[in-house]
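Chain residues, written in single-letter form:
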Amino acid sequence: MKKILPLLLRIIVAIILIQTLRFKFTAHPDSVYIFTKVGMEPYGRIITGITELISGILILIPRTAWIGATLSLGIIGGAIMIHLTKLGIEINNDGGILFITAIVTFILSAIILWIRRKEVKFF
């Protein structure tokens, strides 16, 4: 259980990060709406997507999982702040699913970083 749970958490976060890429890279209307509303369309959408891809890959690699988790905390922390300040909880009648997913991803990334804290030289 000590090895399976951290791996499962890393897989869940990676899946969440990577599955959202199709919306960003294909210019899905919801993604374009979000980034237009915050004044970051299209460059912010593409850069965020690339950063999420890098984070998702790093989280899957055991040696770099802490780096991916840290990067994920930054990305998702920014997304949460944008939801709370500019977008609101609900986007295009999604029932808050996007916001809830961000919260879950943030919490799981924090847990991964906590589990891997001994690998981080400055902790």
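Description of the overall build of the protein chain
From N to C terminus, the protein chain includes six helices and zero strands. For a compact globule of 123 residues, the expected C-alpha radius of gyration is about 14 Å, and the protein chain comes in at 15 Å, within 12% of that figure. Dimensions of the protein chain along its principal axes, counting C-alpha atoms only, are 40 × 25 × 25 Å. Within the protein chain, the fraction of its 123 residues that count as buried is 38%. Looking at the protein chain alone, contacts between residues at least 24 apart form 63% of all its contacts between residues at least 6 apart. Surface exposure of the protein chain reaches about 7,400 Å², of which carbon and sulfur atoms provide 73%. Charge separation in the protein chain, taken as the distance between the mean sites of 13 positive and 6 negative side-chain charges, equals 16 Å.

Quick look at the nonpolar core
Core analysis: the largest hydrophobic core is formed by 16 residues, its most contacted members being V13, L17, I59, I76, I80, I112 and L113. Those elements giving two or more residues to this core turn out to be α1 (4-19), α5 (65-87) and α6 (97-115). In terms of residue count, α5 provides more of this core than any other element does, six residues in total. When neighbours within four sequence positions are excluded, I80 is seen to be in contact with F99, A102, I103 and F106. By size, the runner-up hydrophobic cluster in this structure holds five residues, among which are I34, F35, V38 and L87.

A look at α1
Since the α-helix turns once every 3.6 residues, residues separated by three or four places project in the same direction. The end-to-end C-alpha distance of α1, which contains 16 residues, comes to 22 Å, matching closely the 22 Å that a straight helix rising 1.5 Å per residue would cover. Restricting attention to buried positions, one finds in α1 the residues P6, L9, R10, V13, A14, I16 and L17. In a view along the axis of α1, the buried residues occupy a sector of 160°, so they form one face of it. Opposite the buried face of α1, at more than 90 degrees from it, the exposed residues are I4 and I15. Buried residues belonging to α1 abut α2 (21-25), α4 (43-60), α5 and α6.

Describing unusual backbone geometry
Trans peptide bonds make up the majority, and among non-glycine residues the majority have a negative phi. Residue P42 is bonded to the preceding E41 through a cis peptide linkage, with omega at -5°. For P42, the location among the structural elements is in the loop between α3 (29-37) and α4. For A27, which is not glycine, the phi dihedral falls at a positive 55°. Relative to the elements of secondary structure, A27 occurs in the loop between α2 and α3. Given a relative accessible area of 37%, A27 falls into the partly exposed group. One non-glycine residue with positive phi stands out, namely N93, at about 60°. With respect to the helices, strands and loops of the structure, N93 is situated in the loop between α5 and α6.

What counts and how
- Residues numbered from 1 in each chain as written.
- Predicted model: local features only at pLDDT ≥ 70, side-chain atom pairs only at ≥ 80, totals over all residues.
- Heavy atoms only, no water.
- Helix = DSSP H or I, 4+ residues; strand = E, 2+ residues; numbered from the N terminus.
- Rg over C-alpha atoms; globule rule 2.2 N^0.38 Å.
- Buried < 20%, exposed > 50% of the residue type's maximum accessible area, 1.4 Å probe, protein only.
- Contact = heavy atoms within 4.5 Å.
- Areas by Shrake-Rupley, 256 points an atom, 1.4 Å probe, with all protein chains shown as cover.
- Lys, Arg positive; Asp, Glu negative; His and termini not counted.
- Charge placed at Lys NZ, Arg CZ, Asp CG, Glu CD.
- Core = buried A, V, L, I, M, F, W, Y, C linked by side-chain atoms within 4.5 Å.
- Expected span 1.5 Å × (residues − 1).
- Arc of directions from axis to C-beta.

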